[in-house]
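Chain and residue survey
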Amino acid sequence: MSASLQQNSAHPDGIVRGESSLTDIVLRAMAGTPDSRLLEIFTALVKHAHAFVRETRITEEEFEKGIDFLVRIGQATGPSKNEGVLLADLLGISTLVSLLNSRRGNEVTASTLLGPFWRANAPRCNPGDDIVRGATEGIPLLVSGRVTDDKGRPLAGADVDVWQASPVGYYENQDPDQPDMNLRGLFTTDNDGRFHFRTVRPAGYPVPTDGPCGELLHAQKRHPYRPAHLHFMISASGCKTLVTQVFADDSEHLNSDAVFAVLEQLVGNFEQYTDASGKPCATLRYDFVLEPGIRTFPTPPIP
Ligand SMILES: [Fe+2]
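The residue numbers shown here count from 1 along each chain, following its written sequence. The predicted nature of this model means local features are confined to residues of pLDDT at least 70 and side-chain atom pairs, given and counted, to a pLDDT of 80 or more, with totals for whole chains, interfaces and linings taken over all residues. Water and hydrogen atoms were dropped before computing side-chain values, which therefore reflect all heavy atoms in the structure.

This next bit is on the overall build of the chain. The number of helices and strands found in the chain is 7 helices and 12 strands. A compact globule built from 303 residues would reach a C-alpha radius of gyration of about 19 Å, whereas the chain, at 24 Å, exceeds it by more than 25%. Based on the C-alpha atoms only, the size of the chain along its principal axes is roughly 95 × 40 × 30 Å. Classification of the 303 residues of the chain by burial places 39% in the buried group. Sequence-distant contacts in the chain: of pairs separated by 6 or more residues, those separated by 24 or more amount to 71%. A residue counts as positive if it is Lys or Arg and as negative if it is Asp or Glu; His and the chain ends are not included. Positions of charges follow a simple convention, taking NZ of Lys, CZ of Arg, CG of Asp or CD of Glu. Looking at charge distribution, the chain has the averaged site of its 28 positive side-chain charges lying 4 Å from that of its 38 negative ones. In DSSP terms, a helix is any run of H or I states spanning at least four residues, a strand is any run of E spanning at least two, and both are numbered starting from the N terminus. Our radius of gyration looks at C-alpha atoms and nothing else; its globule reference is 2.2 Å times the residue count to the power 0.38. Accessibility here uses a 1.4 Å probe with only protein chains present; expressed as a share of the type maximum, an area under 20% marks a residue as buried, one over 50% as exposed, and anything in between as partly exposed. Contact between two residues is taken to exist if any of their heavy atoms lie within 4.5 Å; hydrogens are not considered.

Here you go:
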């Protein structure tokens, strides 16, 4: 008997005897993982991945194509774009993770995707300031709201960090025609938890389609657009930082956001009217409710 066979006979459970035996063998190989959470996650991953391969009967050619797709997702990721996050977004996984990690029900404001365009250190603003910092033509928008805790108590001194795309659908850090920090601002709530600021109505925009995720959207005959929205990150001591978006109720693609971030609760009432000089203007009133927790801040996706 050869040395290798002698070794195998000492571990008979590791010998694969047909397709049906494989999953249990892999799970047994991982069973000694000291980190119990890592063990739980990889046990589920192997079970679901093996079931997926069995259900779809993936061919070797398709398997190679899939591996190549994942490799290119990594290669397309850099300082200004995270194709991996985008893939998770386009598959609804990011929203699912967010929903499962947030308190259920409507008693607190729902969180949704941070997105790739948040920047740390937005300019600190006074109440009522305009976050338009240059020649940005658009429909003037007055945004106001109130920040409370889950008992309805006003959160005074809360930080309201807002950022948005321009009326043509570009964030300032992807558009050389906009001044630095255009359409970004950091406001502080007053003693009654209130804030307000001026801006212009944002436009919807497409997610990047120049990488493998674009190929996927094309193959699935899906459009890449997101409905118009304002991003908010609201933080106060003793509360879980709220990262969310408020969507324009009259926006194109509201019902077909490419990244599935539109939660019913987050559709804001953008009231449009005509001012005394006949120009269109709009208002948005939206209140935020934070849940108790730890105040944290994300690592900026873009340095
Ligand atoms: Fe956005």
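Next comes the rest of the description.
What counts as a salt bridge is simple: a side-chain nitrogen of Lys or Arg found within 4 Å of a carboxyl oxygen of Asp or Glu. Tallied over the full model, the rule gives 16 salt bridges. For R72, the salt bridge is made with D68, and the minimal N-O distance between the two is 3.1 Å. On the criterion of helical spacing, the pair formed by R72 and D68 is a turn pair, its members being 4 residues apart in helix α4 (residues 60-75).

This next bit is on the layout of surface pockets. Cavities and pockets were defined on a 1 Å grid built from protein atoms only: a cavity is a group of points that admits a 1.4 Å probe but offers it no way out, a pocket is an open group of points flanked by protein on both sides within 12 Å along at least five of seven lines, and a lining residue is one with an atom within 4 Å of any such point. Grid points are joined across faces, edges and corners, and a volume is the space filled by probe spheres set on the points. In this structure, the second largest pocket spans a volume of roughly 780 Å³. Counting residues per element, the ones that place at least two in the lining of the second largest pocket are α3 (36-56), α4 and α7 (212-219). The element that contributes the greatest number of residues to the lining of the second largest pocket is α4, accounting for 10 residues. When residue character is reported, Ala, Val, Leu, Ile, Met, Phe, Trp, Tyr, Cys and Pro are called nonpolar, Asp, Glu, Lys and Arg charged, and the others, Gly included, polar. A per-class count over the lining of the second largest pocket returns 13 nonpolar, 3 polar and 6 charged. A domain split of the lining of the second largest pocket shows at least three residues from each of domain 1 (3-57) and domain 2 (106-290). The domain limits used here are those given by an automatic or database domain assignment.

Within the secondary structure layout, Q178 lies in the loop between β2 (159-164) and β3 (184-188). Judged by relative accessible area, Q178 falls into the buried class, the value being 11%. Only 2.9 Å separates the side chain of Q178 from the backbone oxygen of Y170, close enough to count as a polar contact. At a separation of 3.0 Å, a polar atom in the side chain of Q178 contacts the side chain of N182. For Q178, the contacting residues outside a window of four places in its chain are S166, Y170, Y171, E172 and L183. Under this definition, polar contacts are N or O atom pairs within 3.5 Å; protein pairs additionally need one hydrogen-donor-capable and one acceptor-capable atom, and for neighbouring residues in sequence, both atoms have to be side-chain atoms.

Moving on to the packing of α4 against α7. Between the N-to-C directions of two axes lies an angle of 0 to 180 degrees, each axis being a line fitted to C-alpha atoms and, for a helix, fitted only over the stretch in contact. Contact geometry of α4 with α7 gives a least axis separation of 9 Å together with a crossing angle of 130°. Here α4 is positioned oblique relative to α7, judged by the angle of their axes. Taken together, the residues of α7 that come into contact with α4 (itself represented by F69, R72 and I73) are P212, C213, E215 and L216. For the contact of α4 with α7, a count of residues per class yields 5 nonpolar, no polar and 2 charged. Angles below 35 degrees are treated as roughly parallel, those above 145 as roughly antiparallel, those between 65 and 115 as roughly perpendicular, and all remaining angles as oblique.

Before going further, it helps to spend a moment on the coordination of the iron ion. Protein coordination at the iron ion: the donors are Y171 (OH), Y205 (OH), H229 (NE2) and H231 (NE2), at 1.9 to 2.1 Å from the metal. For Na, K and Ca the donor cut-off is 3.2 Å, and for all other metals it is 2.8 Å, counting N, O and S atoms only; because water is absent from this set, sites may look incomplete. Any site counts as irregular unless it has four donors with all angles between 85 and 135 degrees, making it tetrahedral, or four or six donors with opposite ones more than 155 degrees apart and the rest between 65 and 115, making it square planar or octahedral. Classification of the site at the iron ion as irregular follows from its 4 donor atoms and the range of 90 to 157° in their angles at the metal.

Before going further, it helps to spend a moment on the domain arrangement of the chain. Here the domain parsing of the chain yields domain 1 (3-57) and domain 2 (106-290). One C-alpha centre belongs to domain 1, the other to domain 2; they are set 46 Å apart.

Now for the environment of L86. The topology assignment puts L86 in helix α5 (residues 83-90). Owing to a relative accessible area of 7%, L86 belongs among the buried residues under this scheme. Each C-alpha atom of the pair L86 and K47 lies 25 Å from the other, and the pair is 39 residues apart in sequence. Once residues within four sequence positions are removed from consideration, L86 is found in contact with V207, P208 and C213.

A few words now on the nonpolar core. Within this scheme, the nonpolar core is defined by two criteria: the residues are buried Ala, Val, Leu, Ile, Met, Phe, Trp, Tyr or Cys, and they are joined through side-chain atoms within 4.5 Å. One finds V147, F232, F288 and L290 to be the most contacted residues of the largest nonpolar core, which totals 44 residues. The greatest single-element share of this core, amounting to 4 residues, is contributed by strand β8 (residues 242-248). Residues in contact with F288, not counting those within four places in the same chain, are T109, R146, V147, T148, F195, F232, I234, L242, T244 and V246. Within the second largest apolar cluster, 9 residues are counted, among which are L114, F117, W163 and Y171.

Further remarks concern a nonpolar patch on the surface. On the surface, a nonpolar cluster with roughly 530 Å² of combined accessible area is contributed by F52, V53, I58, F63, I67 and V71. Looking at the nonpolar patch, the element that brings in the most residues is α4, giving 3 residues. Note that V71 resides in helix α4. The exposure class assigned to V71 is partly exposed, which follows from its relative accessible area of 42%. Within this analysis, patches are made of residues with over 30% relative accessible area and no salt bridge. Like charges are joined at 9 Å or less; nonpolar side chains (Val, Leu, Ile, Met, Phe, Trp, Tyr) at 5 Å or less. Under the convention used here, a 1.4 Å probe and the Shrake-Rupley method define accessible areas, while residue burial counts only the protein chains that appear.

Attention shifts here to unusual backbone geometry. At N121, a position not held by glycine, the phi torsion is positive, near 65°. With a relative accessible area of 71%, N121 lands in the exposed category.

Right, let's get into the environment of V143. Residue position: V143 is located in strand β1 (residues 140-149). Note: C-alpha distance between V143 and R201 (58 residues apart in sequence) is 10.0 Å. Ignoring anything within four residues of it in the chain, the contact list for V143 reads F195, H196, F197, T199, L230, F232 and L284.

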